[in-house]
Amino acid sequence: MKYIFYFLLVFALPLRLLAESSVSDTQTQVNTLISGSDSLKAVVINSLISSEKTEVYPLLSAINDKKLFMYNNILITLGEKQTSDDGTEKFKLLEVYPEFKELSSNDGKSLYLPISELKEVEFSRSSRLLLAPITPYLNLLSPEVEKRKLAYSQFQGLKDKSILPKLYSALAHEKHQEILRLGRETIFSIQLNSSPEASHKMWTDSLTLNWGPNTQSILEQYAAIQSNPELKNFASEKAEELQSKHERLRMFQNLFSGLSLGSILIMIALGLSIVYGLAGVINMAHGEFLMIGAYTTYCVQNIMSPTSDLFFWISLPLAFLVSGFWGFVIERLIIRHLYSRPLESMLATWGVGLVLVQIARSLFGDLTAVRTPSVLSGGWEVVQHLVLPYNRLFIIFLSAFMITATYLVLYKSRLGLQIRAVTQNRRMSSCLGIETNKLDAMTFFLGSGLAGLAGAAMTLIGNVVPDMGQTYIVDSFLVVVTGGVGNIAGSIVSGFGIGFLFKMLESFFQAVYGKVLILTLIILFLQYRPKGLFPDKGRIGED
């Protein structure tokens with residue numbers, strides 16, 4: 001045993017002291033991490049951890065994540081990923097030492113490169129395990145947003161002020177607004193729990209002004225354990241103030257959701273209302289034209305470049321044309337033989353719908369999805385805690401566009417004049433030279449195309465599945481019946497009304513009970529106004 005001690009004293013200990021002394025300078029330590037042996041790297045990592053120098057944390061975080069690379073003699077780590085047109089995956093490059101910043105290309109934009117052009121700096125597993133005790137701090141500087149959110153949340157409510165320098169240092173590099181708010185909330189909560197009582201009101205006010213995602217619960221927990229009545233009441237008042245703000249914003253969010261849902265129902269109901277108003281056919285396959293529009297978008301996405309967002313904008317008119325074409329074909333082959341026979345036409349369109357669903361299931365499977373274009377990702381933060389998603393704003397805009405286009409076609413064009421004439425009196429219109437058969441086919445094309453356009457828009461908020469049309473078809477029929485058949489204004493008022501009512505009831509009851517209540521209200525409404533909100537007037541209204 002004593003020989004081992006002598007060996008350590010004579011050889012091993014001096015070697016270790018020599019190694020530690022040789023890596024005392026931070027830049028020298030970093031250089032050793034790049035080119036040193038595994039044992040020297042372990043010594044340097046231990047030294048960097050014990051030094052608590054926060055400027056090296058991005059470097060240590062990259063080592064911990066196995067994402068430390070060299071590029072042009074610069075130590076970098078990998079940020080968000082992009083896939084180029086040829087399928088190559090490229091990553092944003094972030095310098096980790098001596099500064100933590102994005103690298104830029106010659107044109108001033110963020111630099112993205114494939115991993116094959118980078119040289120990895122490797123570390124043994126034992127070296128990385130040395131970082132385990134400070135992993136929560138390293139995650140504060142992770143390139144991944146969710147990791148940073150989780151890291152800041154883990155420190156909330158602590159009473160140890162010694163971690164504040166690390167939090168301030170990490171927050172200085174942060175640019176993500178949501179994480180900035182969360183980071184400030186974490187710092188203020190620690191200050192509130194660890195500072196003298198004289199400053200508690202100041203930190204409570206700071207928390208309230210910052211209004212992070214957990215501020216209300218932090219103040220409620222503080223008030224629950226606070227023995228000072230004045231501070232307890234002050235924190236409780238601030239928590240109630242935030243609760244009141246949350247309720248007002250939730251109401252506004254429900255109104256926006258109702259507007260979005262109403263827009264979707266209007267887009268689907270427009271075509272249904274026109275077809276039913278003209279031909280008197282209850283088209284049970286109308287939802288499947290919506291499905292055809294959605295699958296058209298999916299096919300265009302697969303045909304075009306996987307990185308380009310152009311597919312979505314091209315698919316919008318294509319969805320209209322493809323769905324309209326299938327509506328035209330079905331009308332020519334089946335429905336035109338069943339006019340003036342409502343029961344047979346309803347059963348026939350129901351059967352056509354089942355066939356279309358099964359064909360889609362056989363071709364595409366049970367579940368597919370369409371990528372949301374980058375310009376429609378994210379949302380518009382109107383105020384704190386109120387974000388309006390861009391995809392739903394686009395659907396509202398598209399709905400307004402479709403309503404305007406439909407109005408212009410029906411009331412400002414020769415085709416619309418003929419459609420309205422046939423809707424009012426088919427025989428008289430035929431006697432006056434209007435080709436009613438041709439007009440029926442064109443109306444089916446128009447109505448089915450509108451449903452297809454709605455289907456393309458629906459890919460922004462849900463998956464593409466064979467029976468997706470059946471989810472909305474019942475609600476669309478309710479919109480048409482409640483608003484008045486063939487009436488655009490009726491469809492708009494009814495669509496928004498049902499959308500708002502459903503979202504308001506959904507916030508008080510479960511979704512299923514909310515829908516049952518709406519159905520009950522509509523049944524009661526139709527008892528008094530069987531022809532809807534805007535019934536036809538004059539002679540046609542008496543027919």
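Whatever comes next refers back to the structure up there.
It should be emphasised that the depicted structure is a prediction, and the values quoted were computed from it without experimental measurement.

Undergrad: When you look at the overall build of the chain in this model, what are you seeing that I'm missing?
TA: A tally of regular secondary structure across the chain gives 23 helices and eight strands. A separation threshold of at least 6 residues defines the contact pool for the chain, and within that pool the share at least 24 residues apart is 67%. Surface accessibility of the chain: about 27,900 Å² in total, with carbon and sulfur atoms responsible for 61%. Looking at charge distribution, the chain has the averaged site of its 47 positive side-chain charges lying 5 Å from that of its 45 negative ones.

Undergrad: Would you take a moment to explain the packing of aromatic side chains for this structure?
TA: Aromatic ring pairs: the centre-centre distance and the angle between the two ring planes describe each pair. This model, assessed by the stated rule, comprises twelve aromatic pairs. Ring geometry for Phe188 versus Trp203: centroids 5.8 Å apart, planes at 35°, classification tilted. One end of the pair, Phe188, is in helix 9 (residues 177-194); the other, Trp203, is in helix 10 (residues 200-210), with 15 residues separating them in the sequence. Here the aromatic residues Phe311, Phe312, Trp313 and Phe394 are joined through ring pairs into a cluster of three or more. We note Lys41 situated over the ring of Phe123; from NZ or CZ to the ring centre the distance is 4.7 Å.

Undergrad: Where do I start with the side chain of Lys41 in this structure?
TA: In this structure, Lys41 sits in helix 3 (residues 38-51). Salt bridges are absent for the buried Lys41, whose nearest opposite-charge side chain, Asp38, sits at 4.7 Å. In this structure Lys41 touches Thr32, Leu33, Ile34, Gly36, Glu122 and Phe123, once residues within four positions along its chain are discounted.

Undergrad: Would you explain the environment of Asn302 in this entry?
TA: By the element assignment, Asn302 lies in helix 13 (residues 286-303). Once the C-alpha coordinates of Asn302 and Lys515 are considered, the two residues, 213 residues apart in sequence, prove to be 36 Å apart.

Undergrad: Just checking my understanding: could you explain helix 14 (residues 310-333) for this structure?
TA: Along an α-helix, a turn takes 3.6 residues, which lines up residues three or four apart on a common side. In this model helix 14 runs 35 Å from its N-terminal to its C-terminal C-alpha over 24 residues, within 8% of the 34 Å that 1.5 Å per residue would give. Within helix 14, the axis deviates most sharply at Leu316, by approximately 35°, and proline Pro317 lies no more than four positions further along. When we look at burial in helix 14, the residues that qualify are Phe311, Phe312, Ser315, Leu316, Ala319, Ser323, Gly324, Gly327, Val329, Ile330 and Glu331. Buried residues belonging to helix 14 abut helix 13, helix 15 (342-364), helix 16 (390-412) and helix 19 (436-458).

Undergrad: Which parts of the structure should I look at to understand the environment of Arg125?
TA: Following the sequence through the fold, Arg125 ends up in helix 5 (residues 125-129). For Arg125, a relative accessible area of 58% puts it in the exposed group. Here the alpha-carbon distance between Arg125 and Gly447, two residues 322 residues apart in the chain, equals 63 Å.

Undergrad: Looking at this structure, how should I read the pairing of strand 2 (residues 74-83)?
TA: Each regular strand carries side chains that alternate between the two faces of the sheet. Across three bridges, the pairing between strand 1 (residues 69-71) and strand 2 is antiparallel. The residue of strand 2 that forms the bridge with Phe69 is Ile76. Connecting strand 1 to the next strand, strand 2, in antiparallel fashion are two residues, including Asn72 with a positive phi near 55°. The pairing of strand 2 with strand 3 (residues 89-97) spans seven bridges and is antiparallel.

Undergrad: Help me understand unusual backbone geometry, please; the structure alone is not making it clear to me.
TA: For residues other than glycine, phi is negative in most cases, and the peptide bonds are mostly trans. Backbone torsion omega between Tyr97 and Pro98 reads 5°, so that peptide bond is classified as cis. For Trp211, which is not glycine, the phi torsion reads 50° and is therefore positive. Positionally, Trp211 belongs in the loop between helix 10 and helix 11 (215-225). Phi is positive for His385, close to 70°, though the residue is something other than glycine. Here His385 lies in the loop between strand 7 (379-383) and strand 8 (386-389).

Undergrad: Sorry if this is basic, but what is going on with the packing of helix 12 (residues 229-279) against helix 16 here?
TA: Helix packing for two helices is described by the angle between their axes and how far apart those axes are. Following both chains from N to C, one finds helix 12 and helix 16 inclined at 30°, their axes separated by 9 Å at the closest point. Between helix 12 and helix 16, the angle is such that the two are roughly parallel. As for how helix 12 packs across helix 16, the hand of that crossing is left-handed. Residues Phe256, Leu259, Ser260, Ser263, Ile264, Ile266, Met267, Leu270 and Ile274 of helix 12 pack against Arg392, Leu393, Ile395, Ile396, Leu398, Ser399, Met402, Ile403, Thr406 and Leu410 of helix 16. A class-by-class count of the residues in the contact of helix 12 with helix 16 yields 14 nonpolar, four polar and one charged.

Undergrad: For this particular structure, what's the right way to read a nonpolar patch on the surface?
TA: Nonpolar side chains collect at one region of the surface, where Leu310, Trp313, Ile314, Leu318, Leu321 and Val375 lie side by side and expose about 510 Å² of accessible area between them. Summarising the element assignment, Leu321 is placed in helix 14.

Undergrad: Sorry if this is basic, but what is going on with the pairing of strand 8 here?
TA: With burial as the criterion, only one face of strand 8 is covered, namely that bearing Leu386 and Leu388; the residues Val387 and Pro389 on the opposite face remain uncovered. Here strand 7 runs beside strand 8; their pairing, made up of four bridges, is antiparallel. Residue pairing in the sheet places Val383 in a bridge with Leu386 of strand 8. Here strand 7 folds back onto strand 8, and the loop between the two strands holds two residues, one of which, His385, carries a positive phi near 70°.

Undergrad: Where do I start with the packing of helix 16 against helix 17 (residues 414-424) in this structure?
TA: Following both chains from N to C, one finds helix 16 and helix 17 inclined at 75°, their axes separated by 5 Å at the closest point. The orientation of helix 16 with respect to helix 17, classified from their angle, is roughly perpendicular. Residues Val409, Leu410 and Tyr411 of helix 16 pack against Leu415, Gly416, Leu417, Ile419 and Arg420 of helix 17.

Calculation rules
- Residues numbered from 1 in each chain as written.
- Predicted model: local features only at pLDDT ≥ 70, side-chain atom pairs only at ≥ 80, totals over all residues.
- Heavy atoms only, no water.
- Helix = DSSP H or I, 4+ residues; strand = E, 2+ residues; numbered from the N terminus.
- Contact = heavy atoms within 4.5 Å.
- Areas by Shrake-Rupley, 256 points an atom, 1.4 Å probe, with all protein chains shown as cover.
- Lys, Arg positive; Asp, Glu negative; His and termini not counted.
- Charge placed at Lys NZ, Arg CZ, Asp CG, Glu CD.
- Phe/Tyr/Trp six-rings, centres within 6.5 Å; stacked < 30°, edge-to-face > 60°.
- Lys NZ or Arg CZ within 6 Å of the ring centre and 35° of its normal.
- Buried < 20%, exposed > 50% of the residue type's maximum accessible area, 1.4 Å probe, protein only.
- Salt bridge = Lys/Arg side-chain N within 4 Å of Asp/Glu carboxyl O.
- Expected span 1.5 Å × (residues − 1).
- Bend = angle between axes of the 7 residues up to and from the residue.
- Pairing = 2+ DSSP bridges.
- Axes fitted to C-alpha atoms, helices over the stretch in contact; angles between N-to-C directions.
- Parallel < 35°, antiparallel > 145°, perpendicular 65-115°, else oblique.
- Left-handed = near helix turned anticlockwise from the far one by under 90°.
- Nonpolar A, V, L, I, M, F, W, Y, C, P; charged D, E, K, R; others polar.
- Patch = residues over 30% accessible without salt bridge, like charges linked within 9 Å, V, L, I, M, F, W, Y side chains within 5 Å.

From the geometry alone we can't say anything about function, so treat these as descriptive.
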